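Commentary on secondary and tertiary structure
Next come the chains, spelled out residue by residue.
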Protein chains: 2
Amino acid sequence: MKIVRTVPDLRELLRPYRGEGSVGFVPTMGALHEGHLELARRARAADDVVVMSIFVNPTQFNDPADLAAYPRDEHKDAELAASAGVDVLFAPGVAEVYPPGFTATVSLHGPIVEALEGAHRGVGHFQGVTTVVSKLFGMVSPDRAYFGQKDAQQVRVVRAMVADLNIPTEIVVVPTVREPDGMAMSSRNRRLSPFERARAAHISAALWEAEVAVANGIVDAGAVVQVARKVLSDNAIDVEYLELVDADTFLPVRVLVAGPALLAVAAVIGGVRLIDNVVLHPRA
Amino acid sequence: MKIVRTVPDLRELLRPYRGEGSVGFVPTMGALHEGHLELARRARAADDVVVMSIFVNPTQFNDPADLAAYPRDEHKDAELAASAGVDVLFAPGVAEVYPPGFTATVSLHGPIVEALEGAHRGVGHFQGVTTVVSKLFGMVSPDRAYFGQKDAQQVRVVRAMVADLNIPTEIVVVPTVREPDGMAMSSRNRRLSPFERARAAHISAALWEAEVAVANGIVDAGAVVQVARKVLSDNAIDVEYLELVDADTFLPVRVLVAGPALLAVAAVIGGVRLIDNVVLHPRA
């Protein structure tokens with residue numbers, strides 16, 4: 001596996017694959033876990049060359065303390081990436097991505113960027129995401145890019161960006177990888193104490209309870225959300241949001257009868273912000 | 001020459017050139033003249049396949065009357081494009097470029113988008129330009145794209161966008177093509193009456209007078225501008241702006257001693273808005 005830090009070096013390495021083979025791309029912020037590695041393995045199976053980026057993007061953090069606390073361990077990440085079949089690890093510095101004079105913004109509008117994470121982390125969050133992802137796509141020119149369903153809203157936003165800007169990259173969404181107790185893999189999990197980590201398992205448990213309720217025929221959104229909310233409150237989990245939205249439009253769902261809906265949650269445990277989601281399908 | 005109207009058809013035609021050959025791209029709003037054809041010939045000489053787009057982009061017009069009056073003649077344009085060596089004429093409808101649900105914006109910030117055209121056509125003008133050009137680059141994935149120096153500020157903005165978003169396209173700038181009397185070629189010129197057209201030649205004449213003044217050692221920006229302004233006022237030409245700015249930063253220049261400066265003018269004759277510019281170099 002090659003490690004490169006500049007865009008010219010990256011493009012030089014990828015030149016032989018242009019037109020000939022497919023370039024698979026896994027953008028990450030490092031602190032790799034099984035979720036990231038699953039994305040890399042999916043790329044390894046489908047593409048001729050696999051590029052992973054590690055870049056903790058400052059512009060998508062609304063909270064400087066969250067940015068400062070974001071885990072970083074490039075040496076460990078490089079070992080893990082290599083083990084998952086990554087060919088090129090692209091780890092640029094901040095000045096390579098945002099050089100002096102940089103002023104561009106790529107932004108979307110409407111509920112997909114304004115709901116949930118957009119409402120709680122601020123409108124700048126997804127603007128930071130769309131700007132950096134469009135830059136990374138410009139740097140890598142991937143045929144396919146792999147994202148985890150755990151960041152469901154980010155996936156929807158990136159899909160919209162790619163469609164709106166006619167970026168010739170296929171977005172592949174990979175199911176959330178979970179711990180044995182159901183907890184969604186996240187770089188932030190390592191900041192939890194063992195006790196907090198045990199309590200955090202109730203986040204996914206709350207989502208499964210809601211899923212069971214829907215399977216049992218409950219269609220009222222308020223009732224579905226209440227099922228999940230009770231699990232969280234019973235375990236004294238501080239909920240930032242817990243909402244049922246249309247999985248495509250991200251508009252609120254009142255009754256679960258039409259297309260799939262997303263039950264999405266953000267919660268804070270021990271000062272660590274965690275998100276998870278489940279897609280709920282109306283009973284046939 | 002093939003004429004295509006959809007992005008999938010365009011990509012299918014260009015597929016054989018990916019990685020193998022170079023794709024040259026000439027984005028236009030149609031109403032082709034020698035200036036556009038020169039861009040196409042430059043692409044023809046350098047690239048393996050030449051794509052020209054014709055799309056009158058509604059989002060970069062601040063004035064609906066200007067948009068409605070913008071000349072359109074696709075049949076004639078197709079003949080001219082073929083004669084200049086264009087292989088693929090891409091002429092999408094508005095709904096192909098801006099389908100329902102489209103919400104993206106690509107925007108830059110600072111003097112290069114706020115000065116001159118940005119100040120007079122509104123900040124939305126260059127936002128319309130950067131958004132549509134980034135979309136067209138996504139559709140075509142050109143190795144090189146050709147722009148005319150007549151739209152000097154647009155060239156600077158597109159260069160900044162390509163750098164900021166790491167778009168792997170080389171921007172080639174081609175000198176302004178002029179009529180024998182010096183008038184810059186423009187699609188808008190055909191809207192001038194013969195009398196107005198004759199008067200319009202004083203716009204470029206004013207720029208040459210300023211260039212001569214600089215060659216004679218004048219370095220004070222106010223004095224340089226005054227030389228051009230006198231030519232315009234002597235000919236009763238309605239000036240929207242006439243400014244000397246740094247050719248890179250687009251900040252105002254007070255004394256012409258450092259790098260090249262751009263003397264840019266926008267004037268209205270017979271209700272038709274015309275722009276032109278000259279790059280002035282300090283005397284060695």
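About the cut-offs
- Residues numbered from 1 in each chain as written.
- Chains lettered and ligands numbered in written order.
- Predicted model: local features only at pLDDT ≥ 70, side-chain atom pairs only at ≥ 80, totals over all residues.
- Heavy atoms only, no water.
- Axes fitted to C-alpha atoms, helices over the stretch in contact; angles between N-to-C directions.
- Helix = DSSP H or I, 4+ residues; strand = E, 2+ residues; numbered from the N terminus.
- Parallel < 35°, antiparallel > 145°, perpendicular 65-115°, else oblique.
- Left-handed = near helix turned anticlockwise from the far one by under 90°.
- Contact = heavy atoms within 4.5 Å.
- Nonpolar A, V, L, I, M, F, W, Y, C, P; charged D, E, K, R; others polar.
- Salt bridge = Lys/Arg side-chain N within 4 Å of Asp/Glu carboxyl O.
- Pairing = 2+ DSSP bridges.
- Right-handed = clockwise from strand over helix to strand, strands pointing away.
- Buried < 20%, exposed > 50% of the residue type's maximum accessible area, 1.4 Å probe, protein only.
- Arc of directions from axis to C-beta.
- Polar contact = N/O pair within 3.5 Å; in protein donor to acceptor, adjacent residues only side chain to side chain.
- UniProt positions renumbered as here; feature names shortened; annotations may be inferred.
- Phe/Tyr/Trp six-rings, centres within 6.5 Å; stacked < 30°, edge-to-face > 60°.
- Lys NZ or Arg CZ within 6 Å of the ring centre and 35° of its normal.
- Domains from an automatic or database assignment.
- Buried area = accessible area lost by both parts, 1.4 Å probe.

Quick notes on the packing of helix H10 (residues 194-215) of chain B against helix H11 (residues 221-234) of chain B
Packed helices, taken two at a time, are described by their axes: the angle between them and the distance between them. Residues and elements named next belong to chain B. For the pair H10 and H11, interaxial distance at closest approach is 8 Å and the crossing angle is 150°. Relative to H11, the element H10 lies roughly antiparallel. For the element pair H10 and H11, the recorded crossing hand is right-handed. Across from His202, Ile203, Ala205, Ala206, Glu209, Ala210, Ala213 and Val214 in H10, the residues of H11 making contact are Val224, Val227, Ala228, Val231 and Leu232. Partitioned by chemical class, the residues of the contact of H10 with H11 number 11 nonpolar, one polar and one charged.

As for the pattern of salt bridges
Applying the stated criterion to the full structure yields 36 salt bridges over all chains. A:Lys230 serves as the salt-bridge partner of A:Asp234, at 2.7 Å between the closest nitrogen and oxygen. Of this pair, A:Asp234 and A:Lys230 both sit in helix H11 (residues 221-234), four residues apart, which is roughly one turn of the helix. When the shortest N-O distance is used, the salt bridge between B:Glu117 and B:Arg273 registers 2.9 Å. Remark: B:Arg273 occurs in strand E10 (residues 272-280) and B:Glu117 occurs in helix H7 (residues 117-121); sequence separation between them is 156 residues. Residues joined in a network through salt bridges with shared partners are A:Asp66, A:Glu117, A:Arg121, A:Arg188, A:Arg191, A:Glu240 and A:Arg273.

Section: the pairing of strand E7 (residues 170-174) of chain B
All names here are of chain B. Strand direction decides the pairing type here: strand E6 (residues 144-148) and E7, joined by five bridges, are parallel. By the bridge assignment, Arg144 is partnered in E7 with Glu170. In this fold, E6 hands off to helix H9 (residues 152-164), which returns the chain to E7; that crossover is right-handed.

Overview of helix H1 (residues 7-14) of chain B
All names here are of chain B. Residues of H1 that are buried include every one of Val7, Leu10 and Leu14, and no others. The buried residues of H1 occupy an angular sector of 60° when projected down its axis, which confines them to one face. Buried residues along H1 sit against strand E1 (2-4), strand E2 (23-28), strand E3 (49-54), strand E4 (88-90), helix H5 (94-97) and helix H8 (123-140). Put simply, Thr6 is the residue that caps the front of H1, since its side-chain oxygen is 3.2 Å from the backbone nitrogen of Asp9.

So, the UniProt feature "binding site: (R)-pantoate" (unreviewed entry) in chain A
Residue and element names in this part refer to chain A. Using the residue numbers shown here, the UniProt feature "binding site: (R)-pantoate" (unreviewed entry) corresponds to Gln60 and Gln154. Across 95 residues in sequence, these annotated residues keep their C-alpha atoms within 11.4 Å of one another, forming a single compact spot. Within the secondary structure layout, Gln60 lies in the loop between strand E3 (49-54) and helix H3 (64-69). With sequence-adjacent residues up to four places away left out, Gln60 is seen in contact with Met29, Arg121, His125, Gly128, Val129, Val132 and Gln154. With respect to the helices and strands, the residue Gln154 is situated in helix H9 (residues 152-164). When neighbours within four sequence positions are excluded, Gln154 is seen to be in contact with Gln60, Phe126, Val129 and Phe147.

Some thoughts on the UniProt feature "binding site: beta-alanine" (unreviewed entry) in chain A
All names here are of chain A. In the numbering used here, UniProt assigns the "binding site: beta-alanine" (unreviewed entry) feature to Gln60. A residue is classified by how much of its surface remains accessible, and Gln60, at 9% relative accessible area, is buried. Of note is the side chain of Gln60, whose polar atom sits 2.9 Å from the side chain of Asn57.

Thoughts on the packing of aromatic side chains
All names here are of chain A. Applying the stated criterion to the full structure yields 10 aromatic pairs over all chains. Ring geometry for Phe25 versus Phe137: centroids 6.2 Å apart, planes at 75°, classification edge-to-face. Here Phe25, found in strand E2 (residues 23-28), pairs with Phe137, found in helix H8 (residues 123-140); they are 112 residues apart in sequence, far enough to count as distant. Joined through ring pairs, the aromatic side chains of Phe25, Phe137 and Phe147 make up one cluster. Its guanidinium or amino end placed over the ring of Phe61, Arg121 lies 5.9 Å from that ring's centre, counting from NZ or CZ.

What about the domain arrangement of chain A?
Residue and element names in this part refer to chain A. Considered domain by domain, chain A is made up of domain 1 (2-174) and domain 2 (187-276). Taken over C-alpha atoms, the centre of domain 1 sits 26 Å from the centre of domain 2. Contact residues are listed per partner, giving 23 residues for domain 1 and 18 residues for domain 2. Carbon and sulfur atoms supply 56% of the area buried between domain 1 and domain 2, which totals about 1,800 Å² over both sides. A per-residue breakdown of the area domain 1 buries against domain 2 is headed by Leu116, Glu117 and His120, which together make up 31% of the total. Taken together, the links from domain 1 to domain 2 amount to four salt bridges. Across the salt bridge formed by Arg191 and Asp66, the nearest N and O atoms sit 3.6 Å from each other. Counting the contacts that link domain 1 with domain 2 gives eight residue pairs in polar contact (both at pLDDT 80 or more). When contributions to the side of domain 1 that touches domain 2 are tallied by element, the ones reaching two or more residues are H3, helix H6 (111-114), helix H7 (117-121) and H9.

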